[in-house]
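# What the coordinates show
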Amino acid sequence: MNVKPHLDKMVVPCWRSLEPMGELKTHSFSEIWTGEKANRLREQFLNGEKPKGCKRCWSVEENEDSKSISLRNRYNKKYSHFLPEVIESLQDDKPLPLKSAEIRFSSVCNFRCLHCHPSNSTLWNKLWQTNAEVQRLVYADADHLPKKIVSEEQINEFISLYAESMEEFWVCGGEPLIEPLHYYFLDQFPERAAKKIDLIVCTNFSKLSIPNYDLAHLWSKFKSVDVRIGIDGDEKTYEYFRYGGNFSTLKNNILEARSWGIDSIKISAVCTVNILNISRLRQINRFSKEMDVKFHYTFLNGHPNYLDVRNLPPQWKQQYDAEIGEILKDDSLADGARDSLKNVVTFMHSRQDDPQQIIKLNEYVRVMDKASKYDFKSYFSELEGLIDFNFPNVVQP
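Thresholds applied
Residues numbered from 1 in each chain as written. Predicted model: local features only at pLDDT ≥ 70, side-chain atom pairs only at ≥ 80, totals over all residues. Heavy atoms only, no water. Helix = DSSP H or I, 4+ residues; strand = E, 2+ residues; numbered from the N terminus. Rg over C-alpha atoms; globule rule 2.2 N^0.38 Å. Buried < 20%, exposed > 50% of the residue type's maximum accessible area, 1.4 Å probe, protein only. Core = buried A, V, L, I, M, F, W, Y, C linked by side-chain atoms within 4.5 Å. Contact = heavy atoms within 4.5 Å. Polar contact = N/O pair within 3.5 Å; in protein donor to acceptor, adjacent residues only side chain to side chain. Pairing = 2+ DSSP bridges. Axes fitted to C-alpha atoms, helices over the stretch in contact; angles between N-to-C directions. Parallel < 35°, antiparallel > 145°, perpendicular 65-115°, else oblique. Left-handed = near helix turned anticlockwise from the far one by under 90°. Salt bridge = Lys/Arg side-chain N within 4 Å of Asp/Glu carboxyl O.

### Digging into the overall build of the protein chain
- A tally of helices and strands in the protein chain yields 18 helices and 11 strands.
- For the protein chain, whose C-alpha radius of gyration is 21 Å, the value lies close to the compact-globule estimate of 21 Å for 397 residues.
- On the principal axes, the C-alpha backbone points of the protein chain span a range of 65 × 50 × 50 Å.
- Counting across all 397 residues of the protein chain, residues that qualify as buried make up 53%.

### Some words on the nonpolar core
- Phe-158, Phe-169, Phe-205, Trp-219, Leu-276, Leu-281 and Tyr-297 are the most contacted members of the largest nonpolar core, which has 112 residues in total.
- With residues up to four places along the chain from it excluded, the contact list for Phe-205 reads Glu-175, Leu-177, Trp-219, Val-227, Ile-229, Leu-250, Asn-253, Ile-254, Ala-257 and Ile-267.

### Describing the side chain of Gln-357
- Topologically, Gln-357 is positioned in helix H17 (residues 355-372).
- One polar contact links the side chain of Gln-357 to the main-chain amide nitrogen of Tyr-306, over a distance of 3.3 Å.
- Beyond its immediate stretch of four places on either side in the chain, Gln-357 contacts Asn-305, Tyr-306 and Asn-311.

### Quick notes on the pairing of strand S6 (residues 168-172)
- Burial analysis of S6 places 5 of its 5 residues in the buried class, the great majority of the element.
- On S6, burial covers both faces: Glu-168, Trp-170 and Cys-172 on one face and Phe-169 and Val-171 on the other are all buried.
- The sheet contact formed by strand S4 (residues 100-104) and S6 spans 5 bridges and is parallel. Within S6, the position partnered with Ser-100 by the bridge is Glu-168.
- Inspection of the sheet shows S6 paired to strand S7 (residues 198-203) by 4 bridges, in the parallel sense. Of the residues in S7, the one forming a bridge with Trp-170 is Ile-200.

### Description of the packing of helix H14 (residues 281-291) against helix H15 (residues 314-328)
- It is the contact of H14 with H15, at a shortest axis distance of 10 Å, that shows an interaxial angle of 20°. It follows from the interaxial angle that H14 and H15 lie roughly parallel. Of the two possible hands of crossing, H14 and H15 adopt the one that is right-handed. Contact residues: H14 offers Leu-281, Arg-282 and Asn-285, while H15 offers Glu-323, Ile-324 and Ile-327.

### Considerations on unusual backbone geometry
- With omega at 10°, the peptide bond leading from Gly-173 into Gly-174 counts as cis.
- For Asn-212, which is not a glycine, the phi torsion comes out positive at approximately 80°.
- Along the polypeptide, Asn-212 turns up in the loop between S7 and helix H11 (215-220).
- Non-glycine residue Asp-292 carries a positive phi angle of around 55°.
- Of note, Asp-292 is situated in the loop between H14 and strand S11 (294-299).

### Observations regarding the pattern of salt bridges
- Within this structure, the stated rule accounts for 21 salt bridges.
- Across the salt bridge formed by Arg-228 and Asp-226, the nearest N and O atoms sit 2.8 Å from each other.
- On the basis of relative accessibility, which here comes to 25%, the residue Arg-228 falls in the partly exposed class.
- Arg-282 is the salt-bridge partner of Glu-323, the closest N and O atoms lying 3.8 Å from each other. With a gap of 41 residues between them, Glu-323 in helix H15 and Arg-282 in helix H14 connect regions that are remote in the sequence.
- A relative accessible area of 16% means that Glu-323 is categorised as buried.
- With relative accessibility at 41%, the residue Arg-282 sits in the partly exposed group.
- One continuous salt-bridge network, built from bridges that share partners, spans Glu-133, Arg-136, Glu-363, Arg-366 and Lys-370.

What follows is the structure, given as structure tokens:
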């Protein structure tokens, strides 16, 4: 179960799906989880059908080389131990236990990352609402832009229904560590149930507290806490790609969280590899070693399409093949990082490039530089030839 931050508080089967099982503005969690749409979706999968809402995964699976790395197939492998209980429940018409869920409590966010969207960040939304050039490039439905996703009452309902059956819970945003409802959820969650739940927190890690709550104490209630920090750039490019961020603050917060001395809290990072930051993977890997942070590399499959690495021209793909190949030669590279980097390469080659998307990317860079008062070529000089450096400078970094 995944609660989306837009389209009327939509509940979907996973974060990449756009086929709703229901909407929290009109239905309860229980009604959605046991409803007709959710049951129909389960039947489709069990019958080998292809639901339309899963088209992002189907597109990856069209290529035999990349079939195994689709999110659907990776989740099937990860959660295969749940399947016998699911089938038994469906066959015997029993209530289906919820094992894993992701809730975005709101879209409140203090960053405006280049691969994000107005519906997922209030800072992005603010720019979109006031900038006609951005509106032209980035589609968003003005009637469904960020708002609070769930209420305290709905959180209480969710906990009462599913706390005992769950084994894994994902918290995303917006930015959950600045959202009071996230802290309310952790505070209300029964400690006995929390002790058997793996908590995964997707965060920019720019803040570690809000008034009246102790994050270290709240996290210590859970069986484990996997803090997954979005780090999509090296020291030079991080603040360009993740507008609103500060690289020094990021490093200091990692050190502070480690000083808590809570063994169940593990700090890791996720790098969403795209056309811009693929040129910085060596530097990002170096930062991983310096800070002793395990990285997982994923790929952008969807919005915005012009950042999708599959759109790179052949000569650029060849160049990054060689650069990633050098990283993979490092014997100290963790298995998770190694496997996920190989997946990025597989994905990059899973279809031909699209020159029209590179044209759109150039326009996107120009518009966002103007909005952010940045100068792209001062951050990514190595991308000259892919990105046209002839548009006027705005401000030197």
